[in-house]
Amino acid sequence: MDAERLAAAVAVAVLVLLSRSHAAGGESRHVFLDWEVSYAVRAPLGAAKRVITVNGRLPGPLLNLSTDDVAHVNVVNTLDEPFLLTWNGLQMRRNSWDDGVAGTNCAIPPGGNWTYVFQAKDEVGSFFYRPSLALHAAAGGHGPVRVNNRPAVAVPFPRPDGEFDVLIGDWYNMDAKRMREYLDRGRDLPSPDGILINGLGPYEADFTFKPGHTYRLRVSNVGTRTSLSFRIQGHKLLLVEVEGAYTAQKQYASVDVHPGQSVSVLVAADQWPTRSYYMVVSSLFVGPDLFGVANVLYAGAGDGAPPGAAPLEDLSSHNGYNRSMEQARSMRLNLTCGAARPNPQGSFRYGRIDVNRTIILRNGEAVIGGRRRCTVNGVSFADASTPLKLADYFNVPGVFAVVSGRPERRAPSFGTAIIDAQYRDFVQIVFENRLPSMQTWHLDGYSFFVAGMGWGKWNPDARSTYNMVDAIYRSTVQVYPTSWTAVLVYLDNEGMWNLRSQDLGRRYLGQEIYIRVSQQGNSEVPDPRDELPMPLNALLCGKARPGMLGQP
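Definitions and limits used
Residues numbered from 1 in each chain as written. Predicted model: local features only at pLDDT ≥ 70, side-chain atom pairs only at ≥ 80, totals over all residues. Heavy atoms only, no water. Helix = DSSP H or I, 4+ residues; strand = E, 2+ residues; numbered from the N terminus. Rg over C-alpha atoms; globule rule 2.2 N^0.38 Å. Buried < 20%, exposed > 50% of the residue type's maximum accessible area, 1.4 Å probe, protein only. Contact = heavy atoms within 4.5 Å. Areas by Shrake-Rupley, 256 points an atom, 1.4 Å probe, with all protein chains shown as cover. Core = buried A, V, L, I, M, F, W, Y, C linked by side-chain atoms within 4.5 Å. Pairing = 2+ DSSP bridges. Axes fitted to C-alpha atoms, helices over the stretch in contact; angles between N-to-C directions. Salt bridge = Lys/Arg side-chain N within 4 Å of Asp/Glu carboxyl O. Arc of directions from axis to C-beta. Polar contact = N/O pair within 3.5 Å; in protein donor to acceptor, adjacent residues only side chain to side chain. Phe/Tyr/Trp six-rings, centres within 6.5 Å; stacked < 30°, edge-to-face > 60°. Disulfide = S-S within 2.5 Å. pLDDT = per-residue confidence, 0-100.

Chemist: Explain the overall build of the protein here, please?
Modeler: In terms of helices and strands, the protein carries 5 helices and 33 strands. Over its C-alpha atoms the protein spans a radius of gyration of 23 Å, differing by no more than 12% from the 24 Å that the globule rule assigns to 552 residues. Reported as C-alpha extents along the three principal axes, the dimensions of the protein are approximately 70 × 60 × 55 Å. For the protein, with 552 residues in total, the buried portion stands at 59%. Across the protein, the fraction of contacts at a sequence separation of at least 24, relative to all contacts at a separation of at least 6, is 78%. A total accessible area of about 20,900 Å² is found for the protein, and carbon and sulfur atoms account for 51% of it.

Now the structure itself:
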């Protein structure tokens, strides 16, 4: 057996053995899926556009898992460009090999296929998948992900009578390739043309409720750049989960969902059953105002849309940054319930743990090489032809540069930057936004405690204002204009992890960085209990060649 097959066989065996030993009551379930990624023409806002579909659908099919399931997703790329999917919010425990971003994976070539294999280890919650290359996500290619509790672990609310995946997002009629041309020429994208709900334009999507029943709505913002307000006419929204963490239950008239974020709300069908209602999604903090509208139909109330005009000017979702920040602060972790495991979420007392390190990431804009770019601490990320994970594994020099994780006094520049971090450190990450626009950040491989938010410039004294008891635990966080957000994260997942803007245009222009989490100096070969070996089917590209498979 050659080195490639030996390494792959070990990887698969380790994944199977660890998934068996971890799952309560027996082996983990293995889920096998075949997804074909292709172009189609859709006109959700009346203008025809080439979109990306998965198995002919937009949104794509549901990836429906339970805690500790192992997914095998064979992705066939029929596009005319290289393609990758990433799994927004799934932690990919021990397995950045399958994260599906340019820094970890070689792209699936046109006409090719590749099978992702990953375990939903110690996870529950609401997430989504989307393309990660070349602004493809602005053309669709997204779909919902559910990770359900195992039967042995109770959810902290009565089991709902039904569930709906609700994917909302701003939409451009402009082709994704033309959007790239805009950005490449140094121009900002114009305002979006509208808002879609499950890939459909205004008044096209229907949700049917039975009177007296309660429904769980898993809502994700899969759009390009716009923060959105979600509400249902005449109904309260009971927030119960945010990106895999169960929340202290609180009712809202509307819930803000920023780019890349996911929430679960319970909605009781307790209104007058002889009529129907509107679901309204409205843009926040931008002009002109945009609205997406769907129909909420009560079974037995007759066919057709609700009577009257949709309530597009509901004051519960007005465009105030202070209101939005207060809502964000009001979302708290449920300390007494379990999540993927029965032990309470509050048993990890993060407020009592000493911080080993503070990383400060300041987003910015600059003209570099005659082009408008977006930066992190003055560096605009430049993708390498060799994925950083492969370059690190094969010890290929010159592919990336290690940076400090702090703003530095230097001229803005291009760079392929990573931050080195010690495995099992407890780290504070401060996102500083000095620009007059919203920012949203996502960290692959992890969730973090959103400990604090504030206006102006962050300083160490701000720690006295942090929530050190029941801060929400999620993987995507907003940073308001001229403000800061501080998160706390326990680095217990080895690998090369992407930290990126969820504004697709800003990320395309370089607002991202990677964090390499490793046992620095402690081990030449990672323990498979901490990080899986390179998989058998790993694609190679750039300076990573098949002849190197005997290393390390």
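Chemist: Looking at this structure, I do not really get the nonpolar core. What am I missing?
Modeler: Considering soluble globular proteins, one finds that nonpolar side chains tend to be buried as a cluster. Counting 97 residues, the largest nonpolar core has Trp87, Phe118, Val166, Phe209, Leu217, Phe230 and Met279 as the members making the most contacts within it. Within the second largest apolar cluster, 17 residues are counted, among which are Val101, Phe394, Met534 and Ala538.

Chemist: Any chance you could explain the sheet that holds strand 18 (residues 277–283) here in plain terms?
Modeler: As a general point, the strands of a sheet are linked pairwise by backbone hydrogen bonds and lie either parallel or antiparallel. Pairing is mixed across the open sheet formed by 5 strands, whose spatial order is 11-19-18-13-16. A single partner strand is all that each edge strand has here, and the edge strands are strand 11 (206–209) and strand 16 (255–257). Each strand of the sheet is rotated relative to its neighbour by a mean of 25°, with strand direction disregarded.

Chemist: Would you take a moment to explain the side chain of Thr476 for this structure?
Modeler: Mapped onto the fold, Thr476 is located in strand 30 (residues 476–479). Apart from the residues lying within four places of it in its own chain, the contact partners of Thr476 are Asn88, Glu243, Pro259, Gly260, Gln261, Thr440, Trp441, His442, Phe448 and Gln502.

Chemist: What is the right way to look at the pattern of salt bridges in this model?
Modeler: Once their charged atoms are close, side chains differing in charge can pair, the charge on each being opposite to the other. Taken as a whole and judged by the stated rule, the model has 28 salt bridges. A salt bridge links Asp80 to Lys177, with the nearest nitrogen and oxygen atoms 3.6 Å apart. With a gap of 97 residues between them, Asp80 in the loop between strand 4 (70–77) and strand 5 (85–88) and Lys177 in helix 2 (residues 176–184) connect regions that are remote in the sequence. Using a relative accessible area of 29% as the deciding quantity, one classes Lys177 as partly exposed. For Arg146, the salt bridge is made with Asp165, and the minimal N-O distance between the two is 2.9 Å. With Arg146 in strand 8 (residues 143–148) and Asp165 in strand 9 (residues 162–171), the pair connects residues that are 19 residues apart, well separated along the chain. The pair Arg146 / Asp165 is uniform in exposure class, with both members buried. Three or more residues are tied together by salt bridges with common partners; here these are Arg146, Glu163, Asp165 and Arg218.

Chemist: What is the right way to read helix 2 from this model?
Modeler: Note: α-helices contain 3.6 residues per turn, so residues at a spacing of three or four share the same orientation. Residues of helix 2 that are buried: Ala176, Met179, Arg180, Tyr182 and Leu183. When helix 2 is viewed along its axis, its buried side chains cluster within an angular range of 155° and face the same direction. Taken together, the buried residues of helix 2 touch strand 2 (49–54), strand 21 (371–376) and helix 5 (504–508). Its side-chain oxygen 2.8 Å from the backbone nitrogen of Lys177, Asp175 forms the N-cap of helix 2. Two residues or fewer past helix 2, Gly186 is found with a positive phi of approximately 90°.

Chemist: Even after reading the chapter, I still don't get the packing of aromatic side chains, so can you show me in this structure?
Modeler: Each aromatic ring pair is described using two quantities: the centre-to-centre distance and the angle formed by the ring planes. In this structure the tally under the stated criterion is 27 aromatic pairs. Centre to centre, the rings of Trp87 and Tyr129 are 5.9 Å apart; their planes meet at 55°, and the pair counts as tilted. Of the two residues, Trp87 is situated in strand 5 and Tyr129 in strand 7 (residues 125–131); the sequence distance between them amounts to 42 residues. Its relative accessible area of 0% is what places Trp87 among the buried residues.

Chemist: Looking at this structure, I do not really get the sheet that holds strand 3 (residues 63–66). What am I missing?
Modeler: One open sheet accounts for 4 strands, arranged 3-8-7-5; its pairing is mixed. Each of the sheet's edge strands pairs with one partner strand only, and the pair in question is strand 3 and strand 5. Each strand axis lies, on average, 20° off the axis of its neighbour in the sheet, ignoring direction. Here strand 7 runs beside strand 8; their pairing, made up of 5 bridges, is antiparallel. Its bridge partner being in strand 8, Phe128 is matched across the sheet by Pro144.

Chemist: What am I meant to see in the state of the cysteines here?
Modeler: Where two cysteines share a covalent bond between their sulfur atoms, that bond is called a disulfide. Counted under the stated rule, the structure contains 1 disulfide. Between the sulfur atoms of Cys106 and its disulfide mate Cys541 the distance is 2.1 Å. Looking down the S-S bond of the Cys106 and Cys541 bridge, the torsion is -90°, so its handedness is left-handed. Separated by 435 residues along the polypeptide, Cys106 in the loop between strand 5 and strand 6 (113–119) and Cys541 in the segment after strand 33 (512–518) bring together distant segments of the chain.

Chemist: How should I be thinking about the pairing of strand 21 in this particular structure?
Modeler: Most of strand 21 sits out of view: 5 of its 6 residues are buried. In this sheet, strand 21 lies alongside strand 20 (residues 357–368) in antiparallel orientation, the contact comprising 6 bridges. Within strand 21, the residue paired with Ile368 across the bridge is Arg371. Linking strand 20 back to strand 21 in an antiparallel pair, the connection comprises 2 residues, with Gly369 at a positive phi of about 60°.

Chemist: Would you mind showing me how to read the pairing of strand 17 (residues 262–268) here?
Modeler: The two faces of a sheet get side chains in turn, since along a regular strand they alternate between them. Of all 7 residues in strand 17, 6 are buried, a share of seventy percent or more. In this sheet, strand 17 lies alongside strand 12 (residues 214–221) in antiparallel orientation, the contact comprising 7 bridges. Within strand 17, the residue paired with Val219 across the bridge is Val263.

Chemist: Just checking my understanding: could you explain the confidence of the model for the protein for this structure?
Modeler: Low pLDDT marks stretches whose predicted atomic positions should not be read closely. Per-residue confidence for the protein averages 92 on the pLDDT scale, and 92% of its residues sit at or above 70. When the criterion is pLDDT under 50, residues 1–14 qualifies, and its contacts beyond four places in sequence or with other chains add up to 18 contacts. Ignoring residues within four places in sequence, the model shows residues 16–25, a span with pLDDT below 50, making 18 contacts including any to other chains.

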